Amino acid sequence: MIYADNAATTKLSEAALCTMTDLLREVWGNPSSLYTHGQEAKEVLEKAREEIAAVIGASPREITFTSGGSEADNQAIRSAAERGRIKGKKHIISTAFEHHAVLHTLEKLRKEGYEITLLDVHENGLVTPEEVGAAIREDTCLVTIMTANNEIGTIQPIREIGAVCRARGVLFHTDAVQAVGHIPLNVADDNIDLLSASAHKFHGPKGVGFLYARKGILLSNLIEGGAQERGKRAGTENVPGIGAMATALKEANANMAQNAAYLTKLRDRLIAGLKEIPHSALNGDEKRRLPGNVNFCFEGIEGESLLLLLDDKGIQASSGSACTSGSLDPSHVLLAIGRVHDVAHGSLRLSLGEDLSEEDIDYIIRSVKEVVTYLRGFSPIWRDLMSGKKEFIL
Ligand SMILES: *Cc1c(COP(=O)(O)O)cnc(C)c1O
């Protein structure tokens, strides 16, 4: 089996699995309990907090554990919106191709009376710091722009965007779920006020993540209850998950340079191979993208059939994002970079992992070529394109 859907989720690392099973078996006390076994669990939590903070250049008190990336995004945005409302500032800037955890939260805020500006991400899938600066107003309370896109992998100039926000006194949140553990990030150097991350995107377990909030930024809680997480996130902590998340992040961080170099090599080999397919195009900037991300559109076919036939060949990939598969709407990310509906439907995302070899990449290239040719053979759209009834876009 060739697993090429690491943007959807990653396999739990052996080290994280070990931490998790050890904690499940040995440290099952409630961290809020004052007796020894509870305090052992508390120590696991605080050690994980220190280790995670160290990786991103934060201090432990700035880390709040959550149930994952979606919750961290919701809490970050809700908190900044609430602080803004108190000051009479109800304008938020984001982009059209954020994850739905961000976009749907913003849509709700719009209904609650906030004004939302969604910046264009252009054909290359990038925003510029100048455009962010130009969109900032007197009443802007938050800029939220993802570090790396989950579908097309483009990496935003977040340090420069953060600097613009800092200079104008506006909070900057970044959904860094695809970036943490994969590319270097430092909340201080990168001028980040709020950052979301999720363990299962860096070989940790599902259902756990964290929110970084710079000292002095008051978080609003989404979940009311006990005083866990300094009163900002009620509920008995997921101690085994949090411990395993710290193990996975330390491991990913230690191997980051080596993994990124290897994945970049595989990625560029795959891009070069798929480019040979006529009437195809890479989505997103070719170089400013995550080391393992490849995303193509092939004219005249449907992504869903492509996926099923690749699955038959043992290749697991994705078309659009996992959250939207099952619906027939094309990906909002591909539409945001200007792909028309027909073309956006024929998309394929391959998000690579370190376990793949160059032979695997060559097998993927051969398989995609075969399947695209086969599908075009009986595609009515392809027939119209070939006969000149329709014009090629790619
Ligand atoms: C996966 C993902 C999320 C959601 O994280 P969960 O832990 O699955 O809730 C948010 N943003 C991005 C960019 C993602 O890739």
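Check the entry above for the structure.
Please read these numbers as outputs of a predicted model, since none were measured by experiment.

## Some words on the packing of helix α2 (residues 36–56) against helix α7 (residues 239–254)
Here α2 crosses α7 at 30°, and the two axes come no closer than 9 Å. As the angle between them shows, α2 and α7 are arranged roughly parallel. The handedness of the crossing between α2 and α7 comes out as left-handed. Residue-level inspection shows A41, V44, L45, A48, E51, I52 and V55 of α2 in contact with α7, the latter providing V239, I242, G243, M245, A246, L249, K250 and N253. Across the contact of α2 with α7, the residue classes break down as 11 nonpolar, 2 polar and 2 charged.

## Some thoughts on the layout of surface pockets
Space left empty within the atom packing is revealed by a probe, the size of a water molecule, rolled over the atoms. In this structure, the largest pocket encloses a volume near 400 Å³. Considering the residues around the largest pocket, the lining is formed by 28 residues, among which H182, K201, H203, L263 and E354 are closest to the centre. Elements represented by at least two residues in the lining of the largest pocket include exactly α7 and α8 (256–275). With 4 residues, the top contributor of residues to the lining of the largest pocket is α8.

## Structural notes on the state of the cysteines
Formally, a disulfide is one covalent bond, and it connects the sulfur atom of one cysteine to the sulfur atom of another. Tallied over the full model, the rule gives 0 disulfides. Free of any disulfide, C165 has its nearest neighbouring cysteine sulfur in C141, separated by 11 Å. Looking at C165, the relative accessible area reads 0%, which means it is buried.

The rules behind each value
Residues numbered from 1 in each chain as written. Predicted model: local features only at pLDDT ≥ 70, side-chain atom pairs only at ≥ 80, totals over all residues. Heavy atoms only, no water. Axes fitted to C-alpha atoms, helices over the stretch in contact; angles between N-to-C directions. Helix = DSSP H or I, 4+ residues; strand = E, 2+ residues; numbered from the N terminus. Parallel < 35°, antiparallel > 145°, perpendicular 65-115°, else oblique. Left-handed = near helix turned anticlockwise from the far one by under 90°. Contact = heavy atoms within 4.5 Å. Nonpolar A, V, L, I, M, F, W, Y, C, P; charged D, E, K, R; others polar. 1 Å grid on protein atoms, 1.4 Å probe; cavity = no way out; pocket = protein on both sides within 12 Å on 5 of 7 lines; lining within 4 Å. Points joined across faces, edges and corners; volume = space filled by probe spheres on them. Disulfide = S-S within 2.5 Å. Buried < 20%, exposed > 50% of the residue type's maximum accessible area, 1.4 Å probe, protein only.

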